[in-house]
Amino acid sequence: MKTLRITFPYMGNYVHAFRGLLEDLGYEVVMPVKPSKRTLDLGVKYAPEFSCLPYKIVLGTYLETLPKGVDRIVTSGGVGPCRAGLYASLHEKILKKMGYNVEFIVLEPPLVDLKGFYKTVQKLNYKNYSLWYIYKAIKRNWRKIKALDTIEQKALFLRPRELKKGSVSAKYKEVLQYVINAYSEKEIDEAEQEALKQLDKIPVDLEKLVVKVGMVGEIYVLLEPSSNFEIEETIGHLGAEVKRSMFLTGWTRDNTLPGKSEELVSVKAAAKPYLPELIGGHGQDSIGNAILYIKQGFDGLIQLAPFTCIPEIVARTILTKISQEHNFPILTFFLDEQTGKAGMETRLEAFIDLLKRKKLQKLSKS
Amino acid sequence: MNAPVIGIARTLNYYAYYPFWQGFFDSLNLKTVVSSPTTKEILDQGVKDALAEACLPIKLFFGHIATLKTKVDYLFIPRIVNLNRKTVYCPKFLGLPDMIKYSYENLPPVIDIRVDNRNLKDSLLISSLKLASFFGFSKLQGFKAYREGIRRQNLYENLLQKGYLPVNEVNVNSPKLFSVKSSFKIALLGYPYLVYDNYVNLKILEFLHKNNVQVLTAEQVPWPIRNKYAPFTNKKRLFWTFSDRVLSSFQYFLKNVPDLKGIIHLTAFGCGPDFIVDRIMEIDAGEQQIPYLTLTIDEHTGEAGLVTRVEAFLDMIKRKSR
Ligand code: SF4
């Protein structure tokens, strides 16, 4: 049987785990190119004007990858009310119109339609591996995702405390490779240990006054650094610790297992008084997490959203009120292709400065 | 004590479901006030009050609420999630009452009952009964009011199917404007709060009318028929009610109106779902070689510019068919 060539949208470090899984399933993986200016330009050119940034980036990624010869694209679906659930269908239509004959495999959330999900998985499994084999492959790569998340969180903690600017980012890039190259669960374990150990060796100042910033928003711009100009790195270098509200390990669990994780339940509960309705995207999570960050004594919040993203617009409207009520600074970035890195950095600097001043004031009072 | 006055905004759901609520409140003898038809001032106010990134319809809604809020005892902003058991409303509808509540100080109480026909707890009937009892009426009175609402709503939808074009005003008892019948048929597709609002649509409905063009709108295709035309690929339908309505009626017109001369898509700046709807229609219309025009409205669009474009579009069609 011919080996099929497959690709998928780029999304943070996770691409490495996706790759592993698909290779286990017998595919030749055509790695999506890390989104660049060119990717975005391509997306902007062929996507509808009012589509949101993630839509454009993903389309651009496909357009960059498909000329290399791709038989299949695997991506996620969704059932609304956010637009993301229809991305794939429209991408497919646009690509077909442009003459690309590629087959889309769209994974819908298993909670909604278990049978459909199973069917899609079977289609993906074109080499007919046993369920046990697939289970093992998923488990292995899931372990990898967890390791990637753990290491990333460590870097987020260390970055604002490093003695030499840039040392964490450099080391982080290096040790990430350990995990990326590991295959078996045992290897991944070891790689993770080693990576953490190496990171711990970086000289840091643990006594330094560091402000803590929570980060909420729409999933793609949160998880894919190229879509947000590596905002987490910038914030770290400004001397603030970022806590991102979303990691794939959390999200996937909440969307696959019937018993949702505790964390999400409390996020929902926290959002309820302000926004009782699930409005799609991650609008409700943005509100809930904001409240939780306030309770945990964070110094401020950053919201990232694609321009025209409705759930986040609804959230921002409510966040304004929450910010006033709790005297809690919140900065929102609506991102589109016109957003520039420089402008963003200026706003971030001013924001982090403000948080530091506030914190010092509070400390000197007490 | 005077009977309370309930404020309703003349936008968004107004052009779709007002007859139901009017019937309901009338039957209970509750007084309602509808904000005046959209004006420049109303839109400007909305632009000021809403988030800059919000889409035009949200801004419009803010503007209408701003004119109402000092004049009424209650603001009626139901959270309509689902009515047909199949599709939900765009996320902005779902968060509407919250956005309003957290944006204005000193608001009269907001009635934000939830309507979701997919579950018993929040179905239109149950929510109506709750609403009635909130105002101190019995279940029976509530039920009667619900029935009256349904009656008027059906009347309205029948009128729409026959070609009634409710310009600025939804009036079931003495409906005014009917579409002309003509062999020059244009489908004017878009959300009811754009198509039927004479300020927002920059009088395009009137313009087409004057030029003896028969206007086909999404509301003219009954739901059971539309339902059959819903999925836009073999797999999925649009899951937002109004978008689904536009796209499925589009598919219906494309296949069943042989003398369809062209399609105009009226869309609002910053509308999330619409970029999907628009591109699909553009591709499909192109394949059938039906002329297609997208008109995007924002707060700066001038009537003159828009009319010129529509004129040019009509001319192009006439030249083509000669
Ligand atoms: S959540 Fe926002 S950005 Fe994401 S698809 Fe929906 S509207 Fe677009």
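Residues numbered from 1 in each chain as written. Chains lettered and ligands numbered in written order. Predicted model: local features only at pLDDT ≥ 70, side-chain atom pairs only at ≥ 80, totals over all residues. Heavy atoms only, no water.

As recorded in an unreviewed UniProt entry, chain B goes by DUF2229 domain-containing protein and comes from Carboxydothermus hydrogenoformans.

Chain A appears in an unreviewed UniProt entry as DUF2229 domain-containing protein from Carboxydothermus hydrogenoformans.

(A) Representation of the domain arrangement of chain A within the structure. Residues and elements named next belong to chain A. Domains assigned within chain A are domain 1 (5–129), domain 2 (131–206) and domain 3 (210–365). Spacing between the C-alpha centres of domain 2 and domain 3 amounts to 24 Å. Contacts between domain 2 and domain 3 engage 15 residues on the former and 14 residues on the latter. The largest contributions to the domain 2 side of the interface with domain 3 come from Trp142, Leu156 and Pro160, which together make up 37% of the buried area. Where domain 2 touches domain 3, the interface holds 2 salt bridges. Glu152 serves as the salt-bridge partner of Arg244, at 2.3 Å between the closest nitrogen and oxygen. Our enumeration of links across domain 2 and domain 3 arrives at 3 residue pairs in polar contact (both at pLDDT 80 or more). (Domains from an automatic or database assignment. Contact = heavy atoms within 4.5 Å. Buried area = accessible area lost by both parts, 1.4 Å probe. Salt bridge = Lys/Arg side-chain N within 4 Å of Asp/Glu carboxyl O. Polar contact = N/O pair within 3.5 Å; in protein donor to acceptor, adjacent residues only side chain to side chain.)

(B) Geometry of the sheet that holds strand S1 (residues 5–8) of chain B. Residue and element names in this part refer to chain B. Spatial strand order, S2-S1-S3-S5: 4 strands in an open sheet with parallel pairing. At either margin of the open sheet sits one strand with a lone partner, and together these are strand S2 (31–34) and strand S5 (110–111). When S1 meets S2, the two strands line up parallel, connected through 4 bridges. The partner of Gly7 across the bridge, within S2, is Val33. (Pairing = 2+ DSSP bridges. Helix = DSSP H or I, 4+ residues; strand = E, 2+ residues; numbered from the N terminus.)

(C) Highlighting empty space enclosed by the protein. Residues and elements named next belong to chain B. Scanning the model with the defined rule gives 4 cavities of 30 Å³ or more in all. Of the voids in this model, the largest cavity is the one considered here, and its volume is about 190 Å³. Surrounding the largest cavity, 16 residues form its lining, Thr11, Asn13, Tyr14, Phe76 and Pro78 being those nearest its centre. When contributions to the lining of the largest cavity are tallied by element, the ones reaching two or more residues are helix H1 (14–27) and helix H4 (91–101). The dominant element in the lining of the largest cavity, judged by the number of residues it contributes, is H1, at 4 residues. Partitioned by chemical class, the residues of the lining of the largest cavity number 14 nonpolar, 2 polar and no charged. (1 Å grid on protein atoms, 1.4 Å probe; cavity = no way out; pocket = protein on both sides within 12 Å on 5 of 7 lines; lining within 4 Å. Points joined across faces, edges and corners; volume = space filled by probe spheres on them. Nonpolar A, V, L, I, M, F, W, Y, C, P; charged D, E, K, R; others polar.)

(D) Focus on unusual backbone geometry. Positive phi outside glycine occurs at Phe229 of chain A, with the angle close to 55 degrees. Structurally, Phe229 of chain A can be placed in the loop between helix H9 (219–223) and helix H10 (231–237). A positive phi angle, near 50 degrees, is found at Leu202 of chain B, a position not held by glycine. Positionally, Leu202 of chain B belongs in the loop between helix H7 (192–195) and helix H8 (204–210). A relative accessible area of 8% places Leu202 of chain B in the buried class. (Buried < 20%, exposed > 50% of the residue type's maximum accessible area, 1.4 Å probe, protein only.)

(E) Expanded view of the interface of chain A and chain B. In this complex, chain A contributes 42 residues to the contact, which on the side of chain B involves 37 residues. On inspection of chain A and its partner chain B, the count reaches 2 salt bridges. With a closest N to O distance of 2.8 Å, Lys93 of chain A and Asp284 of chain B form a salt bridge. Taken together, the links from chain A to chain B amount to 4 residue pairs in polar contact (both at pLDDT 80 or more). For the side of chain A that touches chain B, the elements supplying multiple residues, two or more each, are helix H4 (84–97) and helix H14 (310–326) of chain A.

(F) Region of the structure containing the side chain of Thr234 of chain A. The residue Thr234 of chain A is located in helix H10 in this model. Residue Thr234 of chain A is classed as buried on the basis of its relative accessible area of 13%.

(G) How the structure looks around the sheet that holds strand S8 (residues 330–335) of chain A. Residue and element names in this part refer to chain A. Within the open sheet, the 4 strands sit side by side as S6-S5-S7-S8. Their pairing is parallel. What marks the edges here is a single partner per strand, and that holds for strand S6 (240–244) and S8. Here the average twist between neighbouring strands, direction ignored, is 25 degrees. Inspection of the sheet shows strand S7 (residues 300–306) paired to S8 by 6 bridges, in the parallel sense. (Axes fitted to C-alpha atoms, helices over the stretch in contact; angles between N-to-C directions.)

(H) Local environment of a nonpolar patch on the surface. A cluster of nonpolar side chains, namely Leu209, Leu360 and Leu363 of chain A, defines an oily patch on the protein surface of about 250 Å² accessible area. Secondary-structure assignment places Leu363 of chain A in helix H15 (residues 341–365). (Patch = residues over 30% accessible without salt bridge, like charges linked within 9 Å, V, L, I, M, F, W, Y side chains within 5 Å. Areas by Shrake-Rupley, 256 points an atom, 1.4 Å probe, with all protein chains shown as cover.)

(I) Seen up close, the UniProt feature "domain: DUF2229" (unreviewed entry) in chain A. The residues that UniProt annotates with the feature "domain: DUF2229" (unreviewed entry) are residues 11–73 of chain A. For residues 11–73 of chain A, helix accounts for 52% and strand for 6%, while the C-alpha atoms at its two ends are 14 Å apart. (UniProt positions renumbered as here; feature names shortened; annotations may be inferred.)

(J) Spatial organisation of the packing of helix H2 (residues 40–49) of chain B against helix H3 (residues 56–68) of chain B. Residue and element names in this part refer to chain B. Closest axis-to-axis distance for the H2/H3 pair is 7 Å, and the angle between their directions is 105 degrees. Overall, the two elements H2 and H3 adopt an arrangement that is roughly perpendicular. Of the residues in H3, those in contact with Ile42, Leu43, Gln45, Gly46, Val47 and Asp49 of H2 are Leu56, Lys59, Leu60, Phe62, Gly63, His64, Ala66 and Thr67. Among the residues making up the contact of H2 with H3, the classes are represented as 7 nonpolar, 5 polar and 2 charged. (Parallel < 35°, antiparallel > 145°, perpendicular 65-115°, else oblique.)

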